Each structure stands twice: as C-alpha cells, then as structure tokens.
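# Structural overview
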Amino acid sequence: EADIYQTPRYLVIGTGKKITLECSQTMGHDKMYWYQQDPGMELHLIHYSYGVNSTEKGDLSSESTVSRIRTEHFPLTLESARPSHTSQYLCASGRDLVNEKLFFGSGTQLSVL
Amino acid sequence: AQTVTQSQPEMSVQEAETVTLSCTYDTSESDYYLFWYKQPPSRQMILVIRQEAYKQQNATENRFSVNFQKAAKSFSLKISDSQLGDAAMYFCAYRSNFGNEKLTFGTGTRLTIIP
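Keep in mind it's a predicted model, so treat the numbers as computed, not measured.

Cut-offs applied
- Residues numbered from 1 in each chain as written.
- Chains lettered and ligands numbered in written order.
- Predicted model: local features only at pLDDT ≥ 70, side-chain atom pairs only at ≥ 80, totals over all residues.
- Heavy atoms only, no water.
- Buried < 20%, exposed > 50% of the residue type's maximum accessible area, 1.4 Å probe, protein only.
- Helix = DSSP H or I, 4+ residues; strand = E, 2+ residues; numbered from the N terminus.
- Pairing = 2+ DSSP bridges.
- pLDDT = per-residue confidence, 0-100.
- Phe/Tyr/Trp six-rings, centres within 6.5 Å; stacked < 30°, edge-to-face > 60°.
- Contact = heavy atoms within 4.5 Å.
- Salt bridge = Lys/Arg side-chain N within 4 Å of Asp/Glu carboxyl O.

Once that is clear, we can look at the pairing of strand E11 (residues 108-112) of chain A. Residues and elements named next belong to chain A. What you see with E11 is a clean split: Thr108, Leu110 and Val112 sit on the buried side and Gln109 and Ser111 on the side with no burial. Sheet analysis places strand E2 (residues 10-13) next to E11, joined by four bridges and oriented parallel. Looking at the pairing, Val12 lines up with Ser111 of E11. Across three bridges, the pairing between strand E9 (residues 87-94) and E11 is antiparallel. Considered in E11, the bridge of Gln88 is made with Gln109.

Here it is in structure tokens:
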C-alpha cells in the first residue's frame, strides 16, 4: 500500500513566524512535488525534486524553500509567514517516467493570521 | 505552454446513474499522459484513471472510463452506476513526456451524488 504522509494536517500561525511543512513517503520514490491549492481552484506546482540534493522551482512563484537530503523526506519551509501564504499545500511523489502514478498526501491547510 | 480546461464547475447525478465530466486540453506535443484525479472532502488527491496519448484504446477502471479524442484534444470521464462515495472534486491533468514532467491541472468539477 502506497503511503505518503504530511504533517501537520492543519496549521494556524501568526505573521512573521517560520514554519516547516513535513512530507514523507515510504515508497522509495525519487520524484517528489509540492502543490499549492486555493479553495475550489486548480493545483499549482511550486517545487519539485528528482532525487536527493535535487530541487527545482515550479510554475507558481513561491517564497517557500524546499530541501531533499533524504529520498523519503521533502520538507517545505516558509522563513516568514504572511497572510498571502494561506492556502492548502499538497505533497506528491512518483517513481518512474513511463509508469508513473502520482501519489498525493492528505495536505496541510495553512492559515496565517 | 499546456493548458487544461474543465468547463463544468459543478455537476450532479442521481445515484446509480451515469455521468460524464468534460475536459479539454491544449498542447503542441504528441507524446503525453492524461489523468483524472478525485479529491474528496478529506483533500487527498486520488488517481482515478490514466491514459497514454499514444494508445488509441480508451482506458477503463471498473466503473470509470474515458473518452479520449486526441485530434479534438478532449478527455472526458464517464462514471457508471454512480455511488455516494463518488462525490468529490474531479481534476483533469496533463503531463508531458518531455522536460520536467510536471502535472498541469484543470480547475476541477465538483460532483454531487443525489440519493
């Protein structure tokens, strides 16, 4: 059974705080992604990684940063949260190009006051 | 750049009936993948069905099937024998076979199942 975990599930935080959204997968997938989704809207890719020490920015400009020190772990960090960062953040992972099926986590709903 | 359009923000269907969700896309590429994802209230995205552009045969997964019209750049999802658990947001997505392999999503269709 495929497993990808995101924590926390919900986060309410004040402006200016540093936050890290965690994402871990137990499937050994090389490829991992972060998407941002506002209510009722499409998903926008903000970061992706093809493996350890590989990170790239996605289509949507984001003030967040990511790291990929271990295959299973792909955390997203906001150094100074702002109300404009309020959104749903979805992490996903996948294996290979030909047979790839993306597996998504349950998401983190971030609210910045 | 590729775009994905879902023209139906909301759809509803009677339980046990059949419903079709529309999706069109725009691309200049010939090799790509198309997906339908389901996002229930739990917010986790779940892959429903996947279609390779080079395959003419429409993909099917149990009660879910697609009508893939490559020339028309259309990729609709048919849900047969609708069940209450099918209620969710449905997203159509495109992925190129070149470049960074990122998924481009449509804006989604909210499907309501009427008991």
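This is not the end of the story, as more comes after the structure.
A separate point is the confidence of the model for chain A. This prediction gives chain A a mean pLDDT of 89; 93% of its residues lie at or above 70. Strand E10 (residues 103-104) of chain A is the least confidently modelled element of chain A, averaging 84 in pLDDT, while strand E3 (residues 19-25) of chain A averages 96, the highest of any element.

Once that is clear, we can look at the sheet that holds strand E8 (residues 76-78) of chain A. Residues and elements named next belong to chain A. Read across the sheet, four strands follow the order E1-E3-E8-E7 without closing on themselves; strand pairing throughout is antiparallel. Sheet topology places strand E1 (4-7) and strand E7 (65-66) at the edges, where each strand pairs with a single neighbour. Bridge count for E3 against E8 is three bridges, and the pairing is antiparallel. Paired with Thr20 across the strands is Thr77, a residue of E8.

The next thing to look at is the packing of aromatic side chains. All names here are of chain B. Tallied over the full model, the rule gives 15 aromatic pairs over all chains. Between Trp36 and Phe75 the ring centres are 6.3 Å apart and the planes differ by 25 degrees, which places this aromatic pair in the stacked class. Taken together, the positions of Trp36 in strand E5 (residues 32-39) and Phe75 in strand E9 (residues 74-79) put the pair 39 residues apart, joining distant regions of the chain. The burial state of Trp36 is the same as that of Phe75; both residues are buried. Considering the side-chain rings of Phe91 and Phe105, the 6.3 Å spacing of their centres and the 85 degrees angle between planes classify their relative orientation as edge-to-face.

With that settled, the discussion passes to the environment of Val112(A). Residues and elements named next belong to chain A. Mapping Val112 onto the fold places it in strand E11. With 83 residues separating them in the primary sequence, Val112 and His29 have C-alpha atoms 31 Å apart. Not counting the four nearest positions on each side in its chain, Val112 is found in contact with Ile13, Gly14, Thr15, Ala81, Arg82, Pro83, His85 and Thr86.

All right, on to the pattern of salt bridges then. All names here are of chain B. One pass over the structure, following the stated rule, counts seven salt bridges over all chains. Between Lys73 and Asp26 there is a salt bridge whose closest N-O contact spans 3.7 Å. Placement of Lys73 in the loop between strand E8 (64-69) and E9 and of Asp26 in strand E4 (residues 24-26) is noted, with a sequence separation of 47 residues between them. For Lys73, a relative accessible area of 27% corresponds to the partly exposed category. Overall, the relative accessible area of 42% leaves Asp26 in the partly exposed class. The residue Arg63 makes a salt bridge to Asp86 at a minimum N-O spacing of 2.8 Å. Of this pair, Arg63 sits in the loop between strand E7 (60-61) and E8 while Asp86 sits in the loop between E9 and strand E10 (88-96); the two residues are 23 residues apart in sequence, bridging distant segments of the chain. It is possible to trace a salt-bridge network through shared partners that takes in Arg50, Glu52 and Lys55.

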